[in-house]
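# Per-entry structural report
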Amino acid sequence: MDAIVRNRVSPLIDVRFRDIDELRSAVALWDLRFHPIQREQPVEAGRIAQFSCASVDFAYARFHTAFDQSGAPPANRITFAVFGSDLKRLWWRNQDVANDTVVVYQSGDELKSISGTDFEVYTISIAEAELEALCQSLRIPAPSAAARRETFSIPAPVAQVLRERLRSLRDDPLNFTDGEAREVAITLVSAWLSPSEALKIRRPSVRARDIALGRALEFIESTDLDSLSTDALCQVANASERTLQYAFRERFGLTPAAFIRAYRLVHARRMLVAPPRANMTVSEVLFGCGFNNRGRFSADYQRAFGELPSGTLLTRQ
């Protein structure tokens, strides 16, 4: 890990964006696709910053609008995602993840999550060769790819110090020292590979509202789009419409009905961006995603993505 000690952190990108196009153009280290699940506000939509230090890359993201996120992490690296302390929960790979959980991505993994209206995350990507060197210096056996845990937790006092280090990088990257970069890497890798850590993961108390939301989101992910309705969500979640209203508004700033509509728009966008066949039509996408009014679909689509669905399809064919 000597390379980390000798090199300074270099800012690559630091962008405060107002719309989705600015966000897409700003992301360099990740292969990411963002689809808003609510109308973007006319204020700052968020910030994304990326920094590099030898074989370790850092990134910071803060979003003020809800997104459906997909894509892939940096290649040939292990990436740790540390969530901001104010983040309540995140829907990640069909799991409800709390902010005290560190998520781990391997090269080739798929990123799939739905974030709410105030999402904050720090990511630390370590090259495989540096990971092996760090394991040797810590006298910890390097695990095989199949044995690596996808999630783990860090004790609260350690997590507080870790976030303070990352906040100093976010706020003043030019004065972020090599020693701090190495300390962040050591903290994460030590906790990740600690044999006893798996037994210490604290399961946060879960409210009935959160349980209902998790069931509803899992159903949304797994069922046909034309079968989605608020009544169906209530039945699957075994919850009242009022409970789901509170749960969806708290997490995403949307009612269940508005979330379903936004989710359908996101799916339509994906089909139009990457049509499953050359002669795909807007009408097929429209009905396949559960819409039955082309005029309203086109208006909602343009409001969400800045172009008509026919324009999206035309540029991809």
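Cut-offs and rules
- Residues numbered from 1 in each chain as written.
- Predicted model: local features only at pLDDT ≥ 70, side-chain atom pairs only at ≥ 80, totals over all residues.
- Heavy atoms only, no water.
- Salt bridge = Lys/Arg side-chain N within 4 Å of Asp/Glu carboxyl O.
- Helix = DSSP H or I, 4+ residues; strand = E, 2+ residues; numbered from the N terminus.
- Buried < 20%, exposed > 50% of the residue type's maximum accessible area, 1.4 Å probe, protein only.
- pLDDT = per-residue confidence, 0-100.
- Contact = heavy atoms within 4.5 Å.
- Pairing = 2+ DSSP bridges.
- Phe/Tyr/Trp six-rings, centres within 6.5 Å; stacked < 30°, edge-to-face > 60°.
- Arc of directions from axis to C-beta.

## Here's the deal with the pattern of salt bridges
Applying the stated criterion across every chain, the model contains 18 salt bridges. Linking arginine 93 and glutamate 150 is a salt bridge whose minimum nitrogen-to-oxygen distance equals 2.9 Å. One end of the pair, arginine 93, is in the loop between β7 (89–92) and β8 (95–98); the other, glutamate 150, is in the loop between α3 (128–138) and β12 (151–153), and 57 residues separate them in sequence. For arginine 93, a relative accessible area of 22% gives the class partly exposed. With a relative accessible area of 39%, glutamate 150 lands in the partly exposed category. Because the salt bridges share partners, they merge into one network encompassing Arg62, Asp118, Glu120, Arg170 and Asp171.

## A word on the confidence of the model for the chain
Should pLDDT be low for a region, the predicted coordinates there are not to be read in detail. Per-residue confidence for the chain averages 81 on the pLDDT scale, and 85% of its residues sit at or above 70. This model gives residues 1–7 a pLDDT under 50, and the stretch forms 20 contacts once residues within four places in sequence are excluded. Overall, residues 197–205 carries pLDDT values under 50, and its contacts beyond four positions in sequence, including any with other chains, amount to 15 contacts.

## Quick word on the pairing of strand β3 (residues 46–53)
Most of β3 sits out of view: eight of its eight residues are buried. Alternating positions in β3 separate into two faces, Gly46, Ile48, Gln50 and Ser52 on one and Arg47, Ala49, Phe51 and Cys53 on the other, with burial throughout. In this sheet, strand β4 (residues 56–63) lies alongside β3 in antiparallel orientation, the contact comprising eight bridges. Pairing of phenylalanine 51 across the sheet is with phenylalanine 58, part of β4.

## Comments concerning the packing of aromatic side chains
Per the stated rule, a full pass over the model turns up 14 aromatic pairs. Measuring from ring centre to ring centre gives 6.1 Å for phenylalanine 248 and phenylalanine 252, while their planes differ by 45°; the resulting arrangement is tilted. With a gap of four residues between them, phenylalanine 248 and phenylalanine 252 both fall in helix α9 (residues 241–252), about one helical turn apart. Given the relative accessible area of 0%, phenylalanine 248 is considered buried.

## What to know about α3
Within α3, burial applies to Glu130, Leu131, Leu134 and Cys135. Relative to the axis of α3, the buried residues are bounded by an arc of 140° and lie together on one face. Across α3 from its buried face, at more than 90 degrees, point the exposed residues Ala129 and Gln136.

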